Amino acid sequence: MASAIPQDDVSDSRLPANLHKRRWRMAYTAIYFTRALLALSKKALDSKKVLLRSLSYVAIDVPEGSQSEHPCDEPVFNLEQKTLTEMVKEKSFELLTELGGVKQVAALLNSNVNNGIKGSGAELMHRTEVFGANKYQKQPAKSFLSFVLEAFKDTTIIILLVCAILALAFGIKQHGPKEGWYDGGSISLAVVLVVVVSAVSNYNQNRQFEKLSEESSDIRVKVVRGGRHQPISIFDVVVGDIVSLKIGDQIPADGLFVAGHSLKIDESSMTGESDHVEVSERKNPFLLAGTKVTDGYGYMLVTSVGMNTAWGEMMSSIQRDLGEQTPLQARLNKLTSYVGRIGLSVAVVVLLILLVRYFTGHTKDATGKIEYNASNTKLDAVMNSVLGIIAAAVTIVVVAIPEGLPLAVTLTLAYSMKRMMKDNAMVRKLSACETMGSATTICTDKTGTLTLNEMKVIEFWVGKEMINNSLSHEISSNLFQLLNEGVGLNSSGTVYKPDSTSVPEISGSPTEKAILSWAVTNLGMNVNKPKLSCEIIHVEAFNSEKKKSGVLIRRSKQNALATHWKGAAEIILAMCSNYYDKTGTVKDMNDEKRMMIGAIIEQMAAKSLRCVGFAYAKVREENQQVHLKLEETGLTLLGLVGLKDPCRPGVREAVESCIKAGVNIKMITGDNLHTARAIAVECGILSLDEDLTNEAVVEGVQFRNYSPEERMQKIENIRVMARSSPFDKLLMVQCLKQNGHVVAVTGDGTNDAPALKEADIGLSMGIQGTEVAKESSDIIILDDNFTSVVTVLRWGRCVYTNIQKFIQFQLTVNIAALVINFIAAVSSGKVPLTAVQLLWVNLIMDTLGALALATDQPTNDLMKKLPVGRVEPLITNVMWRNLIAHSLYQVAILLILQFKGTSIFGVTEQVKNTLIFNTFVLCQVFNEFNARKLEKRNIFEGIHKNKLFLAIIGITVVLQVIMVEFLRRFANTERLDWMQWGACTGIAALSWPIGYVVKCIPVSGKQF
């Protein structure tokens, strides 16, 4: 954008300072009063009232000193928002012409197409008040009450509530209000407690997902304010802003094209049309919010923001589905359904047995009398007993159905998402958290991911000679001028230097910034100067497929045309027939000299330098017609630069940890073969003894030209792909997936979108990544660092392992509760664990257990295991070994207490049942420690780091004491003495040595 870049040379005014100020004040005052009168007259005419006529003239005395030294900062706008909105939405050229064109619209909005708005705080606030903020109204979030109602919709909860209400009614009728409310009230209270805890948990997770959703929609855009390029949040864009656009950007608001080249827009998000629309000042200057830049670069004037855009209206009507079900949740729902069916079957059998035993007179009450006698037993007593039996059966279903499994996934995903944000990874799709734990291959970019993306020009070659960077006088003036044109005009970066003494502010991509910084600082170039003497006719913007960019210019003084190219050194070299030496002499490039320059490029690449070439050609006008296609042959090489992009600290260790964890690392880069190999060796992806002949390093074109069979055969050995295109990256991902790999891919460019979507886990870059890449990805790496990718891998494995821990814990409880109740019901006609007690156990398992086990942090041990792969089942042989052993122990102990507890302890039936309940709960508390480590014998390792686990264990124990000792009527328990508490604790504590011994039993690695 020649006209939109601030210039270095600003001529100083020769007028005396005071006179200069006075004239500006008078001009401002005249304009201010004129606009005020115009606004008043419009208001009067619009009101359609009879105007009082006065004299045909108005005299206004404007003294020179009448204006305040601090004139009002708030600009006056002579355009209505409705007009601006209609113009862009309807793409109305007629309306734009009436307003005087783009520059006049900018002037009416008190903006400048070159320098933008001033950007003061007061001005930004005023513009927001007049035209609105760049935010859209969101659908109201779900209230806490809605989560409570959802929890109450559960079938088993409804059945329990019905039982509770009936028990309450019959109990009050039979025993009176004072004594009769206990049974029904206890069940009701327990149900409400379970529902509230579940609702609070879901509500908190929903709020967290909402917050993450907001953060992911906070896009950074670059605007020009006061002549300075600065990044801001998309929410801070105001009407009148000049926004810089490049490939992959999302258009932040409705607006008009100001300047730029080869700008193409994907409007499919708004119109549904897949064809890319070309935007230019003459044919189509209209830009719609929410659309994406697919090619070229440019600048736009913002005319409408927020709800005044079609995008804002559309987004406000869409509510993001935060209830996304991940594959792991789907698998757990199947497991829940399967276990639930078993539980339901057991509950039905128990219900039938208890009813038969009751009505046949085989059950006795607490005093030893037969409960049912057809002639003596009252209807109320029968109904109470039947309700108790139904409640017990229903509660067995509640305990048997492991509904805590999906909750555990939600909790662990929410926790890991929160922690991953701190570790520079923003999760966009929940499923990516767990899938990352199964990743077997990571395909990573080089620039910015493995390297720092802080480029600096290290070497500069002209012809066959290296030039000292600080000695620009070593090269001739004509070559210096051509390089100045090539650097200044063929660039999407900008240099802002308000005066000769200020430090230049350089913006653009890392490569552009490095070259511009070198040109300005080392060679002393004024890169903005060529923009004053040259007109840009056509631009071919850089993209990752072409790996070069070109510009066609016309020199105004000479009226001559020229083409400048810049790009990958070997590609530029192949386009050249001549080269300049440092004296400015053009020399013919024969095969020998071409090989010599090629060797220089390889030599720089071997030092892991990125090589960029500059080339130039004069263009002839045929019949005074300009061909917009740029010349690509017969060029003259101007020079070569080598840019160093150092490896990130810690990246080698991160790569090594992945390899030890059984995860393959494949580097895919656009750099040439030698640069790619040098960086791969430096990062630890390749070893020094691996050369270019062992097929570990290939070029994209070579990989592309393999036959499908060859590709599938060689894909496992390839670890570096150089000079690759986005299509090559996509092809590699497809081949790896066909070979059974779970593939994670990093990407930052618009063209990476297909590969990011195709991969099992798409990882986009937060700093250098385009909005198109981010939208196509599952996780955004906020610091563009490969170490953060490895952190995501650790968290993914942690999520998977935490879920396995909880499955083992919960299934142990399910099996023990089902077996003990079933055997007791069949043998004695009584269930030792009442409805309220089982609901309490359910609460311990589902919510508190999930919180305790789902919040373990990742350990280094996770990176010592091989990946689980795509279809490995959740329940391993190790888990079966552990849960069967603990279930058998708990069942054995509880059955002994059920049948021999009264004689062993010398207690009543009621105390015996309390002992069973207390022992059962404490067994789960101790078993939670066992579940922390599936294979390791030391279950206390790292326990001090998980303070939440210790807190939940403490809370559970305290609540259990309260249940037994203080809520006897509520929980149907009796107080226990110290000896009985010690016995319960001792029996439960045996879970630890049993767990230790069981883990010594070897099991096969094969999984069910």
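Engineer: Could you give an account of the packing of aromatic side chains, with specific residues and numbers?
Structural biologist: Each aromatic ring pair is specified by the distance between its two centres and by the angle formed by the two planes. Applying the stated criterion across every chain, the model contains 13 aromatic pairs. With 5.7 Å between their ring centres and 80° between their planes, F144 and Y203 make a pair best called edge-to-face. With F144 in helix α6 (residues 144–152) and Y203 in helix α8 (residues 182–216), the pair connects residues that are 59 residues apart, well separated along the chain. You can call Y203 partly exposed: its relative accessible area is 23%. Geometrically, the ring pair formed by F929 and F940 is tilted, given 6.0 Å between the ring centres and 55° between the ring planes. In this pair, F929 is assigned in helix α30 (residues 909–932) and F940 in the loop between α30 and α31 (947–965), connecting sequence segments eleven residues apart. When its relative accessible area of 39% is taken as the criterion, F940 is described as partly exposed. Just above the ring of F703 sits the side chain of R711; from NZ or CZ to the centre is 5.8 Å. Positioned above the aromatic ring of F949, the side-chain terminus of R932 is 5.6 Å from the ring centre.

Engineer: I'd like a description of a nonpolar patch on the surface, backed by residues and values.
Structural biologist: Side chains of I955, V957, V958, L959, V961, I962, F966 and L967 sit close together on the surface and give an oily, nonpolar patch of about 620 Å² of accessible area. On the secondary structure map, I955 appears in helix α31. A relative accessible area of 44% means that I955 is categorised as partly exposed.

Engineer: Before we move on, can you summarise the environment of A773 with the specific residues and values?
Structural biologist: Here A773 shows up in helix α26 (residues 771–776). Residue class for A773 comes out buried when judged on its relative accessible area of 0%. Residues A773 and G762 lie eleven residues apart in sequence; the distance between their C-alpha atoms is 9.0 Å. Setting aside anything within four residues of it in sequence, one finds A773 in contact with G747, D748, G749, L756 and S764.

Engineer: Give a description of the environment of M270 that names residues and reports values.
Structural biologist: Inspection of the secondary structure puts M270 in helix α9 (residues 268–271). The exposure class of M270 is partly exposed, given its relative accessible area of 23%. Here the alpha-carbon distance between M270 and W311, two residues 41 residues apart in the chain, equals 7.3 Å.

Rules used throughout
- Residues numbered from 1 in each chain as written.
- Predicted model: local features only at pLDDT ≥ 70, side-chain atom pairs only at ≥ 80, totals over all residues.
- Heavy atoms only, no water.
- Phe/Tyr/Trp six-rings, centres within 6.5 Å; stacked < 30°, edge-to-face > 60°.
- Helix = DSSP H or I, 4+ residues; strand = E, 2+ residues; numbered from the N terminus.
- Buried < 20%, exposed > 50% of the residue type's maximum accessible area, 1.4 Å probe, protein only.
- Lys NZ or Arg CZ within 6 Å of the ring centre and 35° of its normal.
- Patch = residues over 30% accessible without salt bridge, like charges linked within 9 Å, V, L, I, M, F, W, Y side chains within 5 Å.
- Areas by Shrake-Rupley, 256 points an atom, 1.4 Å probe, with all protein chains shown as cover.
- Salt bridge = Lys/Arg side-chain N within 4 Å of Asp/Glu carboxyl O.
- Contact = heavy atoms within 4.5 Å.

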